[in-house]
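# Notes for the structure review
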Amino acid sequence: MTAALAEELRDKGIQVNSYAPGLVNTRSFPKPEGRKGVRSAESIEDGFFTVLEGGVTGHYLHADELDEAREKGLEDSVVLKPIGEAIFS
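Residues numbered from 1 in each chain as written. Predicted model: local features only at pLDDT ≥ 70, side-chain atom pairs only at ≥ 80, totals over all residues. Heavy atoms only, no water.

### Points about the overall build of the chain
Along the backbone of the chain there are three helices and five strands. The helix and strand sequence of the chain, counted from the amino end, reads α-β-β-β-α-β-α-β. Referenced to the eigenvectors of the C-alpha coordinate spread, the extents of the chain come out at roughly 45 × 35 × 20 Å. Across the 89 residues that make up the chain, the buried fraction comes to 26%. For the chain, restricting intrachain contacts to residue pairs at least 6 apart in sequence, the fraction spanning at least 24 positions comes to 50%. (Helix = DSSP H or I, 4+ residues; strand = E, 2+ residues; numbered from the N terminus. Buried < 20%, exposed > 50% of the residue type's maximum accessible area, 1.4 Å probe, protein only. Contact = heavy atoms within 4.5 Å.)

### Examining the environment of E71
Along the chain, E71 falls in helix α3 (residues 63-71). Residues E71 and P21 lie 50 residues apart in sequence; the distance between their C-alpha atoms is 17 Å.

### Things to note about the sheet that holds strand β4 (residues 59-62)
Judged by pairing direction, the sheet is mixed, and its three strands sit side by side in the order β1-β4-β5 without closing on themselves. Each edge of the open sheet carries a strand with a single partner, namely β1 (18-20) and β5 (81-82). The pairing of β1 with β4 spans three bridges and is classified as parallel. Note that in β4 the partner of S18 across the bridge is Y60. Across the sheet, helix α2 (residues 45-53) lies against β1 and β4, angled at about 160° from β1, the strand it touches most. (Pairing = 2+ DSSP bridges. Axes fitted to C-alpha atoms, helices over the stretch in contact; angles between N-to-C directions.)

### So, α2
By the burial criterion, the buried members of α2 are G47, T50 and V51. Buried residues along α2 cover an arc of 95° about the axis, so they all sit on one side. Opposite the buried face of α2, at more than 90 degrees from it, the exposed residues are L52 and E53. (Arc of directions from axis to C-beta.)

### Describing a nonpolar patch on the surface
Among the surface-exposed residues, F48, F49 and L52 lie close enough to one another that they form a single nonpolar patch of about 320 Å² accessible area. Along the chain, F48 turns up in helix α2. On the basis of relative accessibility, which here comes to 40%, the residue F48 falls in the partly exposed class. (Patch = residues over 30% accessible without salt bridge, like charges linked within 9 Å, V, L, I, M, F, W, Y side chains within 5 Å. Areas by Shrake-Rupley, 256 points an atom, 1.4 Å probe, with all protein chains shown as cover. Salt bridge = Lys/Arg side-chain N within 4 Å of Asp/Glu carboxyl O.)

In short, geometric facts, not functional conclusions.
Structure representation (structure tokens):
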């Protein structure tokens, strides 16, 4: 869906991307404390800004990959991956 919308709206200057934050502990959907991979709602903010400031369309970002890139001292933009799905016609 992201790839199709990105392609359809590209000429209008609208960027369409997706973000996979992983497991997020919220009041509505609580997760076990201390479980590996569980994030707070506040901790996913950086990923949203990375997507918003990326200047690309038709890409996705996974929060765990952003953490890994930062641990290695890489730029945030390296985790923005193009979605290579064929467009359904």
